[in-house]
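# Examination of the molecular architecture
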Amino acid sequence: MTQQDQVRDHDFDGIREFDNRLPNWWLWSFYLACIFSVIYWVHYHVLRTGAAPLQEYAMEMKAADERAAAELARSPVDDASLLALAQDAAAVAEGRKVFMTPGQCVTCHKEDGGGLVGPNLTDNAWIHGGSPMAIHKTISKGVPEKGMQAWEALLGPAKVRQVTAFVLTLKGKNAPNGKAPEGKVE
Ligand code: HEC
């Protein structure tokens, strides 16, 4: 028994204990944890000089979206790439968001694409052509004299491709109560 190991005189249900000094490594890990927690708290919660995990997540998601959009904008656009995009659930979901944004496509073409001011997009008749590239062109350049604006200027190339992919998924769905077909059946 060292000098330290003095049993204290209390007794808890037969359990007795020493009153030794805690080892230095233990004390230091405790002090450092205290210091660290103060720095952490000031950095993330008082000064807000660091991004908290949720903010960091949002930033990473935004950067990933931007990278994907830039990549899409760089890759060539043709019938095959648009058809492939129409098979890509994530791209179609993004395109659907563009379509359903109030004041955009949905206002004139209706939620189900059946057509209101604009023509029915769910039949097989097309005024300006029903090939993927023709649809892409109508959306990006618009038909300004008929009230369909050139969407590329507003949405940018990536979103135009995504919304084209979404429109391609509507083709031939024949929404109930849709507008009568206009243009040429393709
Ligand atoms: C202000 C109303 C309006 C909005 C908003 C609008 N469109 Fe149109 N759209 C029209 C009209 C009108 C036409 C028919 C033009 C014509 O008769 O030549 C048309 C035509 C089209 C066509 C060609 C159809 C065909 O038969 O060739 C496509 C595809 C289309 N729109 C997709 C879209 C998409 C995608 C959006 C959203 C990004 C959109 N439109 C937003 C009014 C609109």
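Everything numeric in this text was worked out from a predicted model, so none of it was measured. Sequence order as written defines the numbering, with residues in each chain counted from 1. Given that this is a predicted model, residues contribute local features only at a pLDDT of at least 70 and side-chain atom pairs are listed and counted only at 80 or more, while totals for whole chains, interfaces and linings are drawn from all residues. Processing note: side-chain calculations cover all non-hydrogen atoms of the structure and skip hydrogens and water entirely.

This part covers the site of the ligand. Neighbouring the ligand are 22 residues; Cys105, Cys108, His109, His128 and Met148 lie closest to it. In protein, a polar contact requires one atom able to donate a hydrogen and another able to accept it; more generally it is a pair of N or O atoms within 3.5 Å, and residues adjacent in sequence count only if both atoms are side-chain atoms. Contact between the ligand and His109: a nitrogen atom at 2.8 Å from a side-chain N or O atom of the residue. Ile127 is positioned with one of its backbone polar atoms (N or O) 2.8 Å from an oxygen atom of the ligand. Site definitions follow a grid-based scheme: protein atoms alone, a 1 Å grid, a 1.4 Å probe that fits but cannot get out for cavities, and for pockets an open set with protein on both sides within 12 Å along at least five of seven lines, plus lining residues having an atom within 4 Å of a point. Grid points define the cavity or pocket, and a molecule sits in it when more than half of its atoms lie within 2 Å of them. At a threshold of 2 Å from the grid points, most atoms of the ligand map onto the largest pocket. Sorting the residues of the shell around the ligand by element identifies α5 (105-109), α6 (132-141) and α7 (151-170) as the ones contributing at least two each. No other element matches α7, which puts four residues into the shell around the ligand. Partitioning the shell around the ligand into residue classes produces 15 nonpolar, six polar and one charged. By convention in this text, a residue qualifies as near a molecule or strand provided that one of its non-hydrogen atoms is within 4 Å of it. Secondary structure elements are taken from DSSP: a helix is a run of H or I of four residues or more, a strand is a run of E of two residues or more, and numbering for both begins at the N terminus. Put simply, Ala, Val, Leu, Ile, Met, Phe, Trp, Tyr, Cys and Pro go in the nonpolar bin, Asp, Glu, Lys and Arg in the charged bin, and everything else, Gly too, in the polar bin.

On to the packing of α6 against α7, then. Here α6 crosses α7 at 145°, and the two axes come no closer than 9 Å. Of the two possible hands of crossing, α6 and α7 adopt the one that is right-handed. Counted together, Pro132, Ile135, His136, Ile139, Ser140 and Lys141 of α6 and Trp151, Glu152, Val160, Arg161, Val163, Thr164, Val167 and Leu168 of α7 form the full contact between these two elements. Axis definition: a line fitted to C-alpha atoms, limited for helices to the stretch in contact. Angles are taken between N-to-C directions and run from 0 to 180 degrees. By definition, any crossing whose near helix is turned counterclockwise from its far helix by less than a right angle is left-handed, and any crossing with a clockwise turn is right-handed. Contact criterion: two residues are considered in contact whenever any of their non-hydrogen atoms come within 4.5 Å of each other.

Our focus in this paragraph is the confidence of the model for the chain. The predictor attaches a confidence to each residue, called pLDDT, with possible values from 0 through 100. Residues at a pLDDT of 70 or more form 98% of the chain, whose mean pLDDT is 92. By mean pLDDT, the top-scoring element of the chain is α6 (97), and the lowest-scoring one is helix α2 (residues 53-74) (87).

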